[in-house]
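Structural description and commentary
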Amino acid sequence: MVDVPRVRVGLEIHQRLATHKLFCNCPSELREDEPDYWARRRLRVSYSELGSIDPAARFESLRNRTFTYGAYSDATCEVELDESPPLPMNLEALEIALEVSLMLGMDPVDEVHTMRKIVIDGSNTTGFQRTALVAMGGEVKTSSGTVRLKTLCLEEESAYIISTAPEGATYRLDRLGIPLIELATEADITSPSQARETALTLGRVLRATGKVQRGIGTIRQDLNVSIEGGARQEIKGVQELALIPKIVEREAVRQATLLELRDRIRETVGEVRVSEPRDVTSALLGSKSRLIRRALSNGERIFGVRVDGLAGFLGVEIQPGRRFGTELSGYAKVFGGVGGIIHSDELPGYGISEDEVRALREALGADRSDAFILVLAEEAAASTALEAVSERLIQAGLGVPEETRRALPDGNTEFMRPLPGPARMYPETDVFPVKTGPLIERILRKGLPEMPDATIDRLQREYGLTREHAEMLLDEGRVGLFERVAAASGNLSPRYVAAILTSEMRALKREGVDVEGIGEESLSEIVSLVDSGILPKEGVRDALTEVAERGPAALEDLRRRKPPSESEIRDIVRKLIRDNAELVSRRGERAFSPLMGEAMRILRGRAPGSLVSGILKEELRRALRGTPRG
Amino acid sequence: MGLSYRGRARALLEEAGAEDYDLLEMRTGSRKLSGILMPRPEILDDEHVVIKLDNGYNMGVAVAKISGVRVLRKGGAAPERRPPAPSAPRGGLPKVSILATGGTIASRVEYSTGAVRPTESPEELLDLIPEMGEAADVSYKSIMAVFSEDISPEDWVEIARAAASELNSGASGVVVAHGTDTMHYTAAALSFLLQNLTKPVILVGAQRSIDRPSTDAVLNLSSAVRMAAYGPAAEVMIVMHGSTSDDFAFAIRGVKARKMHTSRRDAFLPVNEPPIAVISSGGDIEITGRIRRRRGSGKVDVDPRIEPRVALIYAWPSITGDYLRAVSSSGYEGVVIAGTGLGHVPNRIISEIGELVDSGIPVVISSQCLFGRVNLRVYSTGRRLLAAGAIPAGDMLPEVATVKLMVGLGRGYRGDELREFMTSNIAGEISESIPPNSFPPCYRPGAI
Ligand SMILES: [Zn+2]
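Residues numbered from 1 in each chain as written. Chains lettered and ligands numbered in written order. Predicted model: local features only at pLDDT ≥ 70, side-chain atom pairs only at ≥ 80, totals over all residues. Heavy atoms only, no water.

1. Some details on the overall build of chain A
- The helix and strand inventory of chain A stands at 20 helices and 24 strands.
- Along the first, second and third principal axes, the C-alpha atoms of chain A reach 100 × 75 × 50 Å.
- When burial is assessed residue by residue, chain A has 56% of its 630 residues classed as buried.
- Residue pairs at least 24 apart in sequence account for 74% of intrachain contacts in chain A once pairs closer than 6 positions are excluded.
- Looking at chain A as shown, the accessible area adds up to about 26900 Å², and 48% of this sits on carbon and sulfur atoms. (Helix = DSSP H or I, 4+ residues; strand = E, 2+ residues; numbered from the N terminus. Buried < 20%, exposed > 50% of the residue type's maximum accessible area, 1.4 Å probe, protein only. Contact = heavy atoms within 4.5 Å. Areas by Shrake-Rupley, 256 points an atom, 1.4 Å probe, with all protein chains shown as cover.)

Here is the structure:
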């Protein structure tokens, strides 16, 4: 593989907003439970306004797929099911989008027009995603230069995919229609680390509004990556900021390798020539290969194409652990719905013998300098798959094709679909345009939220927080909560309050406690219980855990639970000593430690440790005085 | 190419010599914007100019902020669609004629005006719904382009004549593409106007226009063509979605169908009987109701006589006798009242009903319950209505009773002759019995 070349990266951030859905009044909440109803639909593409059917749309419609949608009777309505026209645009969502635009110095449009972006992979019941341009222009500063912003759009979130197969896909409708801000930068980012920094900065501005959703999946990044001479790739679905630099780097390497491959192909064969698909089943009829035998017993056949003069090219590694053959395989899977391909650079292999390879070569008219590709499938699927593979091979002699790719957990990417053209946008005639003037006036009257950098500075200055805690409060959207709680807690230092809201929560999260489930109300209540002395500091962790597990009801118990008086503690300790007389007589004062642990367990953090240990020491001494040592 | 703008926006654009679809450059403050000038629907204000940017998005630019407009490139012709050439129909397939009347199914949103434009050629439909071409040798005629809310009794006659003419010249069945709003009125009218019907006549519509990927027209039209080509029923039917899914369509008797939802795919329900047939997305036809069988021969006729001046009114708690008098003095020749419950009206207007009947204006009583039968013998109000001369509609839908009364009056029936016509079953509109599986529960576990 090659060195990491210079990249150009554009970033697209998708952030869900914390308000009801964009074109109906359903809640923007995700569900885990089984949907109440299922509907099955198909999608067809029609002619566009401008007369051409978009290639990406055509590509999906070629696959005559059935989509199944799960609906909830209490959380989705006829709009998600495409059984009713959309309601007018959610103005609260538009106001948030405008607020972000203004914070980033973007230029809002005067009148927002909702468009239909044709998406017929089934992720929208309508076959299009409603999206509207809200603002353009603006920029963000990073430590390695300014990144210009391109567009801010307000759009509908897609349906949640449960499963997919060539013949169809199954979705849940709880997610469909949640308002989403799509914030795109120009391709001004020139390094993997700058890409990450830009994403972090933009994410903080979004969160500074206090009106965006948080938690896994509520923000995701798409990357547009290209290198000199390469081509724009849209990489979808990056959920971890930390993965961005690696993905950018590996994509740059992939493109550079593909360019190198192109040059070698040109030197070797001039242009790529691929034969027509041929049924080569007979060459492998007696094969011992499990893969082959399974395919044949399923009634599948083996089809192959010859690639003239390119033996050795298919095994070229284009990303760590990913070969050019894997790219071709992606095309075969996506277009033909087949399991993948077998290519000559990995043979003998898969249990296919040397002799069988020879027979295959003969059947395909391929000599040692030629490569070949096999697909195991029924004829129609195989020929679609091989046609897609052939087209991709021909492109390899021309350069890097523009693609939509999916981010993989290891930082590599795989082919998803061809990059859609801009022609797939039509006006959404069911939604009226909205003037932004009155909304902007309202936002400016209220004042824009504080910018993230200013917040971090202020938290350090006014409350004496560490920068780390200040950033954590910001990134977790708890600045407002912190300030409210800190102001109300006369007896606690702001530093301590910040620690509960940040490091304490993170520690619990690491232990596997579902801290996302603890609401702001509960957090503020717990701090106030500590502040008023009802809950000792030692009890905070248990209290948080209980609320995470049982919900706010757990707080009721805490509130009712007054701190035990000294004499109550003394009674508990005495009983403990009596119950453990044997231990006490055997270990003397060294019984303190196990008894202390037990006492704290019984009191479950309701009493400060210092008080309990004082009483225990006293009582232990008293008991030992009265007990002859044996 | 014209300019669809008015008022202030028009003045600005005209001065720059701009027309719809031209590529413009506009200055707003210190910024330059360029994009294709998009038409602006009439209903919107004249304060904004809409352009389509390079990235495909439309945006509105406030006229007040525009300091200069320049045409960079003329747009030329309106957006063109190029439907691919249709493949020749396979030989030996039954002939099905599609007659387009307008409405969502036979039209698409004209983005240039925001209005609806009729489909011009069969190619546009066949490319989208190749299933039709596979099932039958399909021909396509646009006989009118009318929103279904504007369709009149004169149009019903024209549609009936066109359908009869197709059936008499070899079509195995006729499919009438129709707007959904009044489709059940047209279906009822065709049921009475077409005489000696030997083959299927099917009305079909769409709740989602065919310019949307999720259009219901695909299942509806392919099912309609199937039913027209192969269905055994010589009936006038409405074929539309049977559920919210694209799984199957219902064929509903034209005189028993009603649009029961403003926007759902399965808006049409059969009333007081199950659907005639269920047509699966794969094209299988299952007969589920009583039918008159398709016959090989015989000429289909049209009896075009119809009297459009029939009023359909609701009974409601504060209805007054004056209202009824106003109806008769407006020149209506007959009145259908959608009464409450079993077919009741407030007792205070019964005398006016009697006056109408006595003055030669027949009054037919149906029920706004829609489901179930009118019965004027159970309560005294009903008996008083009968005594006043009102004609009970049986289990006819109010709309069907209205169309039937137009036909009866058109044929010159009056008095007892009209009563006899209205209370006899002509085209399946009055059920002998109402089976228990004919009422749709709105709440079905596991179904929407
Ligand atoms: Zn909804």
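2. Here we look at the coordination of the zinc ion
Residue and element names in this part refer to chain A.
- Around the zinc ion, the donor atoms from the protein are C24 (SG), C26 (SG), C77 (SG), E80 (OE) and E80 (OE), and they sit 2.2 to 2.6 Å away.
- All donor residues of the zinc ion come from one chain, and their arrangement in sequence is C-x1-C-x50-C-x2-E.
- On the basis of relative accessibility, which here comes to 8%, the residue C26 falls in the buried class. (Donors = N, O, S within 2.8 Å, 3.2 Å for Na, K, Ca; no water.)

3. Quick notes on the domain arrangement of chain B
Residue and element names in this part refer to chain B.
- According to the domain assignment, chain B consists of domain 1 (7-73), domain 2 (95-302) and domain 3 (310-423).
- When each unit is reduced to the centre of its C-alpha atoms, the spacing between domain 2 and domain 3 is 31 Å.
- The interface is formed by 16 residues belonging to domain 2 together with 13 residues belonging to domain 3.
- Overall, the association of domain 2 and domain 3 removes approximately 1400 Å² of surface from exposure, summing both partners, and the carbon and sulfur fraction of that is 69%.
- The largest contributions to the domain 2 side of the interface with domain 3 come from Y185, F192 and N272, which together make up 40% of the buried area.
- Across the domain 2-domain 3 interface, the total number found is two salt bridges.
- With its nearest N and O atoms 2.9 Å apart, the salt bridge here joins D395 to K256.
- Joining domain 2 to domain 3, the criterion identifies five residue pairs in polar contact (both at pLDDT 80 or more). (Domains from an automatic or database assignment. Buried area = accessible area lost by both parts, 1.4 Å probe. Salt bridge = Lys/Arg side-chain N within 4 Å of Asp/Glu carboxyl O. Polar contact = N/O pair within 3.5 Å; in protein donor to acceptor, adjacent residues only side chain to side chain.)

4. Looking at the interface of chain A and chain B
- Contacts between the two partners involve 53 residues from chain A, matched on the other side by 58 residues from chain B.
- Between chain A and chain B, a total of about 4600 Å² is buried, with carbon and sulfur atoms accounting for 52% of that surface.
- Summed over the shared surface of chain A and chain B, the result is twelve salt bridges.
- Among the ionic pairs, R40 of chain A bridges to D247 of chain B, the shortest N-O distance being 2.4 Å.
- Here chain A is connected to chain B by 26 residue pairs in polar contact (both at pLDDT 80 or more).
- Every element with two or more residues in the side of chain A that touches chain B is listed here: β2 (37-41), β6 (114-118), β7 (128-136), β9 (145-156) and β23 (425-427) of chain A.
- Here the side of chain A that touches chain B is built from residues that sort into 24 nonpolar, twelve polar and 17 charged.
- With two bridges connecting them, strand β5 (residues 111-112) of chain A and strand β4 (residues 58-62) of chain B associate as antiparallel partners. Residue pairing in the sheet places V112 of chain A in a bridge with M59 of chain B of β4 of chain B. (Nonpolar A, V, L, I, M, F, W, Y, C, P; charged D, E, K, R; others polar. Pairing = 2+ DSSP bridges.)

5. Quick look at the pairing of strand β3 (residues 48-52) of chain B
Residue and element names in this part refer to chain B.
- Burial of β3 is extensive: five of the five residues sit out of reach of the surface.
- Taking every second residue as pointing to the same face, both faces of β3 are buried, with H48, V50 and K52 on one and V49 and I51 on the other.
- Sheet analysis places strand β2 (residues 31-37) next to β3, joined by two bridges and oriented antiparallel. Of the residues in β3, the one forming a bridge with I36 is K52.
- As consecutive antiparallel partners, β3 and β4 are separated by five residues, and within that stretch G56 has a phi angle of approximately 95 degrees, a positive value.

6. What to know about the domain arrangement of chain A
All names here are of chain A.
- Domain boundaries in chain A define domain 1 (7-265), domain 2 (272-396), domain 3 (450-560) and domain 4 (566-626).
- Taking only C-alpha atoms, the centre of domain 3 and the centre of domain 4 are 32 Å apart.
- In this complex, domain 3 contributes six residues to the contact, which on the side of domain 4 involves six residues.
- For the domain 3 and domain 4 pair, buried surface summed over both sides reaches about 390 Å², with 50% attributable to carbon and sulfur atoms.

7. Section: the pairing of strand β22 (residues 363-367) of chain B
All names here are of chain B.
- In terms of burial, β22 is a largely internal element, five of the five residues being buried.
- On β22, burial covers both faces: V363, I365 and S367 on one face and V364 and S366 on the other are all buried.
- Pairing geometry for strand β21 (residues 334-339) and β22, over five bridges, is parallel. Residue pairing for β22: I337 is matched across the bridge by I365.
- For the crossover from β21 across helix α8 (residues 350-358) to β22, the handedness is right-handed.
- Remark: the β22/helix α9 (residues 380-387)/strand β23 (residues 391-392) crossover connection has right-handed handedness. (Right-handed = clockwise from strand over helix to strand, strands pointing away.)

8. Some points on the environment of D181 of chain B
All names here are of chain B.
- Here D181 is to be found in the loop between β10 (173-177) and α5 (183-193).
- Sequence separation between D181 and K259 is 78 residues, and the spatial gap between their C-alpha atoms is 7.1 Å.
- Within polar-contact distance, the side chain of D181 engages the side chain of K259 at 3.1 Å.

9. As for the packing of helix α14 (residues 520-531) of chain A against helix α15 (residues 540-550) of chain A
All names here are of chain A.
- It is the contact of α14 with α15, at a shortest axis distance of 11 Å, that shows an interaxial angle of 155 degrees. Comparing their axes, α15 and α14 come out roughly antiparallel. Of the two elements, α14 crosses α15, and the hand of that crossing is right-handed. Residue-level contacts link S522, L523, I526 and V530 of α14 to V540, A543, L544 and V547 of α15. (Axes fitted to C-alpha atoms, helices over the stretch in contact; angles between N-to-C directions. Parallel < 35°, antiparallel > 145°, perpendicular 65-115°, else oblique. Left-handed = near helix turned anticlockwise from the far one by under 90°.)

10. Brief notes about the sheet that holds strand β15 (residues 278-279) of chain A
Residue and element names in this part refer to chain A.
- Strands sit in the order β15-β16-β20-β19 across an open sheet of four strands; the sheet is antiparallel. The open sheet has two free edges, formed respectively by β15 and β19 (342-343), since each of these has just one partner strand.
- Where strand β16 (residues 301-307) and strand β20 (residues 371-377) come together, seven bridges link them in antiparallel fashion. Bridge assignment links G304 to a residue of β20, and that residue is L374.
- Strand contacts of helix α7 (residues 354-364): β15, β16 and β20, with the helix running at about 95 degrees to β20, the strand carrying the most contacts.

11. Considerations on the pattern of salt bridges
- For the structure on display, the rule yields 89 salt bridges over all chains.
- Across the salt bridge formed by E403 of chain A and R392 of chain A, the nearest N and O atoms sit 3.7 Å from each other. Of this pair, E403 of chain A sits in strand β21 (residues 403-407) while R392 of chain A sits in helix α8 (residues 379-396), and the two are eleven residues apart along the sequence.
- When the shortest N-O distance is used, the salt bridge between E429 of chain B and K404 of chain B registers 2.5 Å. Highlighted residues: E429 of chain B in the segment after α11 (415-423) and K404 of chain B in helix α10 (residues 398-410), separated in sequence by 25 residues.

12. What to know about a nonpolar patch on the surface
- Residues W38, Y160 and I162 of chain A make up a contiguous nonpolar surface patch of roughly 260 Å² in combined accessible area.
- Among the residues examined, I162 of chain A registers a relative accessible area of 42% and is labelled partly exposed. (Patch = residues over 30% accessible without salt bridge, like charges linked within 9 Å, V, L, I, M, F, W, Y side chains within 5 Å.)

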